[in-house]
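For reference, the chains in residue letters:
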Amino acid sequence: MEDDILTIEEVAKYLRVSERTVYDWAQKGDIPSGKIGTVWRFKKAEIEKWVNERLTSGSKPAPQNSQVQVKNLLSPDRIVFLNHNNKHDALVELAANLSTAPQVKSSSELEVEILKREELMSTAIGRGIAIPHVRLSSITDLVMSVGISKCDIEDFQTIDDTPVRLLFMIAAAYNQHAYYLQTLSYFSSKIKNKELRDALLNVTDPVEAYNLLTQD
């Protein structure tokens, strides 16, 4: 635990769990993590904070997905159709859309931090999905936008070499760490459903996509 950026092996040793457990947490978004290329990496400070919060609250590492209410986080006007073949332009457009939400108090900070986060560690999780996400002091409550790309986004450095077509952008306040992880985990799990992914890619209206995402 001497370096600022840690490997799965180092985090597993620190937490005294198996490497597979750490990998599963990272895949589900249950633990602060990201990818450099196709390799999971972890910030030491974020891991220490994550552990301390759980020791203080007595909560389990894995959040309960059933508590996430998509209708409280998303609206049809924050579902957009994208037509960019590079992640920079796709993220900028989606961040601009998310900035229309009243919970976002600084559109410029959101864009800068989303791009910075992506540059450091890819938020692609495979299956054509990316979940760009940040926590910022200028966000008053957790909120999200969804981007459905009409073309392949090739430069997301995906673990399975599948171009990204679906983007779920999540922004939360600094004091919402547990809910933030819970929401990441919820969507990571929900969109593993191939039928849902295919249906989203075929919609022609944001309301139709919203109805798909808010179904139990």
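What counts, and at which threshold
The residue numbering used here restarts from 1 in each chain and proceeds along that chain's sequence as written. With the structure being a predicted model, the display of local features is reserved for residues of pLDDT at least 70 and the display and counting of side-chain atom pairs for 80 or more, all residues being used for whole-chain, interface and lining totals. For side-chain calculations, the full set of non-hydrogen atoms in the structure is used, while hydrogens and water are omitted. Geometry of aromatic contacts follows a simple scheme: Phe, Tyr and Trp rings, the Trp one being its six-membered ring, pair when their centres are within 6.5 Å, and the pair is stacked under 30 degrees between planes, edge-to-face over 60, tilted otherwise. Partly exposed residues are those whose accessible area sits between 20% and 50% of the maximum for their type, while under 20% is buried and over 50% is exposed, using a 1.4 Å probe and protein chains only. In our convention, an over-ring charge means Lys NZ or Arg CZ found within 6 Å of a ring centre and within 35 degrees of that ring's normal. Strands here mean DSSP runs of E at least two residues long; helices mean DSSP runs of H or I at least four residues long; both are numbered from the N terminus. Within this analysis, the arc is defined by the directions that extend from the helix axis to the C-beta atoms. Between any two strands, at least two bridges found by DSSP are needed for them to pair. Contact between two residues is taken to exist if any of their heavy atoms lie within 4.5 Å; hydrogens are not considered. Every angle, taken between N-to-C directions, lies between 0 and 180 degrees, and every axis is a line fitted to C-alpha atoms, over only the stretch in contact when it is a helix.

Novice: It is not clear to me how the packing of aromatic side chains should be interpreted in this structure. Could you clarify?
Specialist: Think of a pair of aromatic rings as described by two things: how far the centres are apart, and how the planes are tilted against each other in angle. Tallied over the full model, the rule gives 3 aromatic pairs. Where Y186 meets F187, the ring centres are 5.1 Å apart and the plane angle is 85 degrees; that geometry is what we call edge-to-face. F187 shares its class with Y186; the two are buried. Through a chain of ring-to-ring contacts, three or more aromatic side chains come together here, namely F168, Y186 and F187. The cationic tip of K87 hangs over the ring face of F156; the distance from NZ or CZ to the ring centre is 5.8 Å.

Novice: Just checking my understanding: could you explain helix 1 (residues 8-15) for this structure?
Specialist: Spacing of three or four residues puts side chains on the same side of an α-helix, whose turn is 3.6 residues. Of all the residues in helix 1, the buried ones are I8, V11, A12 and L15. The buried residues of helix 1 occupy an angular sector of 100 degrees when the element is viewed end-on, so they sit on one face.

Novice: Explain the sheet that holds strand 1 (residues 5-6) here, please?
Specialist: Two pairing modes exist for strands in a sheet, parallel and antiparallel, and in both the strands are linked by backbone hydrogen bonds. Spatial ordering of the open sheet is given by 1-3-2, a layout of 3 strands whose pairing is antiparallel. Each of the sheet's edge strands pairs with one partner strand only, and the pair in question is strand 1 and strand 2 (34-36). Pairing analysis gives 3 bridges linking strand 2 to strand 3 (residues 39-43), with the strands arranged antiparallel. Each residue of the ladder has a partner; that of K35, found in strand 3, is W40. Those strands touched by helix 2 (residues 19-28) are strand 2 and strand 3, and its axis lies near 85 degrees from that of strand 3.

Novice: Please explain the environment of K44 as it appears in this structure.
Specialist: Note that K44 resides in helix 3 (residues 44-57). The sequence separation of K44 and D4 amounts to 40 residues, and the corresponding C-alpha distance is 5.1 Å.

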